[in-house]
Amino acid sequence: MRTKHWHVDNSVDVLDTYPQIEEAAELLKQDEVVAFPTETVYGLGGNALSDQAAAKIFAAKGRPADNPLIVHIASKQQVADIAVNLSQTAERLMEAFWPGPLTVILEKQPNRLSQLVTAGLETVAVRMPDHPVALAVIRKCGLPIAAPSANRSGKPSPTSARHVQDDLDGVIAGIIDGGDTGVGVESTVVDCTGSIPVILRPGGITKEDIEAVVGEAAIDAALTDMNQQPKSPGMKYKHYAPEAPVYLLDGSRSWVQSRINEQRQEGKKVGLLTTEENLPFYEADVILPCGRRDDLRTVAHSLYEVLRAFNETDVDIIYSETFPTDGVGLAIMNRLEKAAAHRWLHEKQK
Ligand code: TXA
Ligand code: MG
């Protein structure tokens with residue numbers, strides 16, 4: 001398949017009549033799959049009402065069939081078409097954070113969506129992205145759009161059109177390039193079917209943000225305890241992993257440098273994921289800065305780009321700095337833990 005490439009200038013204010021957007025929307029109506037930017041990561045969109053379109057998404061990504069997709073909408077009215085019995089909590093969260101990086105799990109409208117999209121569950125994940133291109137495409141085709149991250153399953157999510165191209169060129173109908181995404185980690189997935197909201201996947205909207213609106217929010221036990229079964233099917237899979245093994249390092253700069261030196265003495269090429277603040281202090285074979293510690297949003301923004309960039313190097317092992325888990329740090333550490341398959345090295349406390 002020849003993948004079409006479109007470039008869209010986000011600052012154009014009449015995107016809905018942009019020929020590239022019209023062409024992409026037309027393909028979606030024909031049950032083809034098209035990648036587009038959102039404010040979090042690039043999504044691979046397809047008609048959520050169509051088995052044919054959903055099957056193409058799963059095939060292109062190599063995604064396990066038991067991992068349901070998020071349905072993307074462009075207006076609140078579209079929610080009634082796919083979900084029922086919305087709780088007050090759900091309404092308040094949607095009101096506060098849409099459009100934006102929040103996905104709500106709701107009771108699904110029976111017999112409307114493709115069964116493949118929801119992986120046979122009675123619930124559906126819904127989100128309204130805060131990106132002019134995503135919103136214009138969804139509005140233009142007039143359909144609810146199922147869109148997982150536009151990467152091959154298991155790879156870091158794409159934060160640029162180039163990443164999508166690296167993973168999916170030749171297997172999808174088109175890619176809309178709208179520049180780099182902003183948030184850099186995926187949306188926060190919140191189960192709103194119970195009495196208090198439960199965060200199933202930490203993301204762009206923080207636990208603190210949610211609590212400011214609804215008072216109390218819980219975190220799925222599986223996020224802190226590896227022995228628990230996650231409530232979000234996708235969270236059980238290994239993800240975001242570069243080719244070289246990643247280790248999370250918790251200790252002083254001098255201790256980290258000794259760990260690096262040890263590996264290099266054994267003839268290994270060592271990669272280091274660090275931050276702007278620490279950059280001058282380290283020596284390794286490949287050192288990639290990932291944002292600034294004093295603003296974790298910059299770390300989230302660059303994380304997947306940096307994880308992918310290590311694959312273009314010949315390092316044998318990747319050491320990574322670690323981050324506090326408040327605010328967006330919870331999402332960053334969740335993704336890093338997965339990239340590292342939970343391998344930690346701790347400096348011994350004196
Ligand atoms: O930021 C994002 O959310 C991006 C952009 C493209 O919108 N999308 C994204 O989709 O990250 P995906 O498919 O990579 O991740 C969707 C997550 C998975 O962990 C999946 O298991 C979970 O949402 N999910 C979907 N439907 C669910 C449901 N009914 N109940 C629980 N978890 C669900
Ligand atoms: Mg994904």
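Since we're looking at a predicted model, the values are computed, not measured. (Residues numbered from 1 in each chain as written. Chains lettered and ligands numbered in written order. Predicted model: local features only at pLDDT ≥ 70, side-chain atom pairs only at ≥ 80, totals over all residues. Heavy atoms only, no water.)

(A) Representation of the site of ligand 1. Surrounding ligand 1, one finds 27 residues, the nearest of these being T40, N67, H72, S187 and G234. Within the side chain of N67, one N or O atom sits 2.6 Å away from an oxygen atom of ligand 1. H72 has a polar side-chain atom sitting 2.6 Å from an oxygen atom of ligand 1. Protein contacts shield 97% of the accessible area of ligand 1, which totals 690 Å² for the unbound molecule. Among the detected pockets, ligand 1 sits in the largest pocket. If you list the elements that add at least two residues to the shell around ligand 1, you get strand 4 (70-72), strand 7 (123-127) and strand 11 (198-201). It is strand 7 that contributes the most residues to the shell around ligand 1, 3 residues altogether. In terms of residue class, the shell around ligand 1 is made up of 13 nonpolar, 9 polar and 5 charged. (Near = heavy atom within 4 Å. Polar contact = N/O pair within 3.5 Å; in protein donor to acceptor, adjacent residues only side chain to side chain. Areas by Shrake-Rupley, 256 points an atom, 1.4 Å probe, with all protein chains shown as cover. 1 Å grid on protein atoms, 1.4 Å probe; cavity = no way out; pocket = protein on both sides within 12 Å on 5 of 7 lines; lining within 4 Å. Sits in = over half its atoms within 2 Å of the grid points. Helix = DSSP H or I, 4+ residues; strand = E, 2+ residues; numbered from the N terminus. Nonpolar A, V, L, I, M, F, W, Y, C, P; charged D, E, K, R; others polar.)

(B) Highlighting the layout of surface pockets. In this model, the largest pocket occupies a volume close to 680 Å³. As for the largest pocket, its lining consists of 40 residues, and the residues nearest its centre are R63, N67, P68, I70 and S232. Secondary-structure elements contributing two or more residues to the lining of the largest pocket are strand 4, strand 7, strand 10 (188-191) and strand 11. Tallying contributions element by element places strand 7 first for the lining of the largest pocket, with 4 residues. In terms of residue class, the lining of the largest pocket is built from 16 nonpolar, 16 polar and 8 charged. Taken as a whole, the second largest pocket encloses approximately 530 Å³ of empty space. For the second largest pocket, the lining is made up of 21 residues, of which A222, L223, M226, N334 and H342 are closest to its centre. (Points joined across faces, edges and corners; volume = space filled by probe spheres on them.)

(C) Inspection of the nonpolar core at higher detail. Ranked by internal contacts, the top residues of the largest apolar core, which has 66 residues, are L44, W98, L102, I172, I176 and I210. Per element, the largest residue contribution to this core is 7 residues, and it comes from helix 5 (residues 132-141). One finds L288, L307, F323 and L336 within the second-largest nonpolar core, a separate group that totals 29 residues. (Core = buried A, V, L, I, M, F, W, Y, C linked by side-chain atoms within 4.5 Å. Buried < 20%, exposed > 50% of the residue type's maximum accessible area, 1.4 Å probe, protein only.)

(D) Main features of the sheet that holds strand 16 (residues 317-320). The strand order 15-14-16-13-17 describes an open sheet built from 5 strands, whose pairing is parallel. Strands at the two margins of the open sheet, each flanked by one partner only, are strand 15 (286-289) and strand 17 (344-346). The mean inter-strand angle of the sheet, taken between neighbouring strand axes irrespective of direction, is 25 degrees. With 4 bridges connecting them, strand 14 (residues 270-274) and strand 15 associate as parallel partners. Pairing of L272 across the sheet is with I287, part of strand 15. (Pairing = 2+ DSSP bridges. Axes fitted to C-alpha atoms, helices over the stretch in contact; angles between N-to-C directions.)

(E) Structural context of the side chain of N334. Along the chain, N334 turns up in helix 10 (residues 329-339). Separated by 2.9 Å, the side chains of N334 and R335 make a polar contact. Those residues in contact with N334, other than ones at most four positions away along the chain, are P202, L223 and M235. (Contact = heavy atoms within 4.5 Å.)

(F) Quick look at the pattern of salt bridges. Applying the stated rule across the entire model yields 21 salt bridges. Ionic pairing is found between E26 and K29, a salt bridge with its closest N-O pair at 3.8 Å. You can see E26 and its partner K29 sitting in helix 1 (residues 19-29), 3 residues apart, about one turn around the helix. K29 sits in the partly exposed class, given a relative accessible area of 45%. Between R162 and E312 there is a salt bridge, with the nearest N and O atoms lying 3.4 Å from each other. Taken as a pair, R162 in helix 6 (residues 161-168) and E312 in the loop between helix 9 (296-310) and strand 16 lie far apart in primary sequence, 150 residues in all. The network of salt bridges with common partners includes K155, D167 and R308. (Salt bridge = Lys/Arg side-chain N within 4 Å of Asp/Glu carboxyl O.)

(G) Geometry of the packing of helix 1 against helix 5. Taken N-terminus to C-terminus, the directions of helix 1 and helix 5 make an angle of 55 degrees; their axes are 8 Å apart at the nearest point. The orientation of helix 1 with respect to helix 5, classified from their angle, is oblique. Handedness of the helix 1/helix 5 crossing: right-handed. Contacts between helix 1 and helix 5 involve I21, E22, A25, L28 and K29 on the former and, on the latter, V133, A136, V137, K140 and C141. Here the contact of helix 1 with helix 5 is built from residues that sort into 7 nonpolar, no polar and 3 charged. (Parallel < 35°, antiparallel > 145°, perpendicular 65-115°, else oblique. Left-handed = near helix turned anticlockwise from the far one by under 90°.)

(H) Region of the structure containing the side chain of K61. Tracing the backbone shows K61 in helix 2 (residues 51-61). Buried charge K61 goes without a salt bridge, the closest partner of opposite sign being D167 at 7.5 Å. A distance of 2.6 Å separates a polar atom in the side chain of K61 from the backbone oxygen of S149. When neighbours within four sequence positions are excluded, K61 is seen to be in contact with L44, P148, S149, N151, R152 and S153. (Lys, Arg positive; Asp, Glu negative; His and termini not counted.)

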